[in-house]
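Topology and contacts: notes
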Amino acid sequence: MLLIWWLTPTNTGVGLEVNANHIRPVSSGIITAKCSPIHIGRSTHIWEIKMYDRFDKLNCISRLTVAIVPK
């Protein structure tokens with residue numbers, strides 16, 4: 001994940017919610033995931049993750065919400 005640039009020695013990220021919609025199955029081959037920020041705030045991040053098969057067809061779309069908390 002791209003949370004690394006936001007994290008410091010004094011805070012860390014913890015998962016709040018994961019939502020995923022599987023559109024079509026993949027039984028073999030390579031999956032490529034593209035992760036894009038929807039919201040980058042001081043205390044929460046929301047990310048959209050889209051997963052594609054080797055034919056560049058969308059297989060899954062997911063949303064990840066992360067809380068940024070003190071260590």
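Scroll up to find the structure.
This report concerns the structure included in the present document. (Residues numbered from 1 in each chain as written. Predicted model: local features only at pLDDT ≥ 70, side-chain atom pairs only at ≥ 80, totals over all residues. Heavy atoms only, no water.)

What to know about the sheet that holds strand S1 (residues 11-22)
To be explicit about the condition: Note: two strands are recorded as paired if DSSP finds a minimum of 2 bridges between them. Here a helix means four or more residues in a row that DSSP labels H or I, a strand means two or more in a row labelled E, and each is numbered from the N terminus. Angular values range over 0 to 180 degrees, each being the angle between N-to-C directions of two axes fitted as lines to C-alpha atoms, with helices fitted over their stretch in contact.
Reading across the sheet, the four strands line up as S1-S4-S3-S2 and stay open at both edges, with antiparallel pairing between neighbours. If you trace the sheet from one side to the other, it starts and ends with S1 and strand S2 (32-40), each paired once. The average undirected angle you get between the axes of adjacent strands in this sheet is 20 degrees. Relative to strand S4 (residues 58-70), strand S3 (residues 44-52) runs antiparallel, the two being bridged by nine bridges. What sits directly across from His45, in S4, is Val66.

Quick notes on unusual backbone geometry
Rule in force here: Classification of residues uses two cut-offs on accessible area relative to the type maximum, computed with a 1.4 Å probe and protein chains only: under 20% is buried, over 50% is exposed, and between them is partly exposed.
In this structure, Asp56 is a non-glycine residue whose phi angle is positive, near 65 degrees. Tracing the backbone through its elements, the reader meets Asp56 in the loop between S3 and S4. Since its relative accessible area comes to 54%, Asp56 is described here as exposed.

Details of the packing of aromatic side chains
So the rule is basically this: For this analysis, a ring pair means two rings from Phe, Tyr or Trp (six-membered ring only for Trp) whose centres lie within 6.5 Å, classed as stacked if their planes differ by under 30 degrees, edge-to-face if by over 60, and tilted for the remaining angles. Definition used: whenever NZ (Lys) or CZ (Arg) falls within 6 Å of the ring centre and also within 35 degrees of the ring normal, the charge is taken to sit over that ring.
Under the counting rule described, the total for this entry stands at zero aromatic pairs. The positively charged end of Lys34 is found above the aromatic ring belonging to Tyr52, 5.0 Å away from the centroid.

Some remarks on the nonpolar core
Quick note on the threshold: By convention a nonpolar core is built from buried Ala, Val, Leu, Ile, Met, Phe, Trp, Tyr and Cys residues, the set being connected through side-chain atoms within 4.5 Å.
Listed in full, the five residues of the largest apolar core are Trp47, Ile49, Leu64, Val66 and Ile68. When residues in this core are grouped by element, the largest group, three residues, is from S4.

Here's the deal with the pairing of S4
As defined by bridge partners, S1 adjoins S4 across 11 bridges and the pair is classed as antiparallel. Residue pairing in the sheet places Asn11 in a bridge with Pro70 of S4. Counted between consecutive antiparallel strands, the loop separating S3 from S4 contains five residues, among which Asp56 sits at a positive phi close to 65 degrees.

Details of the side chain of Ser62
Using the following cut-off: Contacts described as polar in this section are N or O atom pairs within 3.5 Å, which, within protein, must combine one atom able to donate a hydrogen with one able to accept it, while residues neighboring in sequence count only if both atoms come from side chains. By definition, residues are in contact when any of their heavy atoms lie within 4.5 Å.
Relative to the helices and strands, Ser62 is located in strand S4. The buried category is assigned to Ser62, whose relative accessible area is 10%. A distance of 2.8 Å separates a polar atom in the side chain of Ser62 from the backbone oxygen of Asn19. Excluding its chain neighbours within four sequence positions, the residues that come into contact with Ser62 are Val18, Asn19, Ala20, Trp47, Glu48, Ile49 and Met51.

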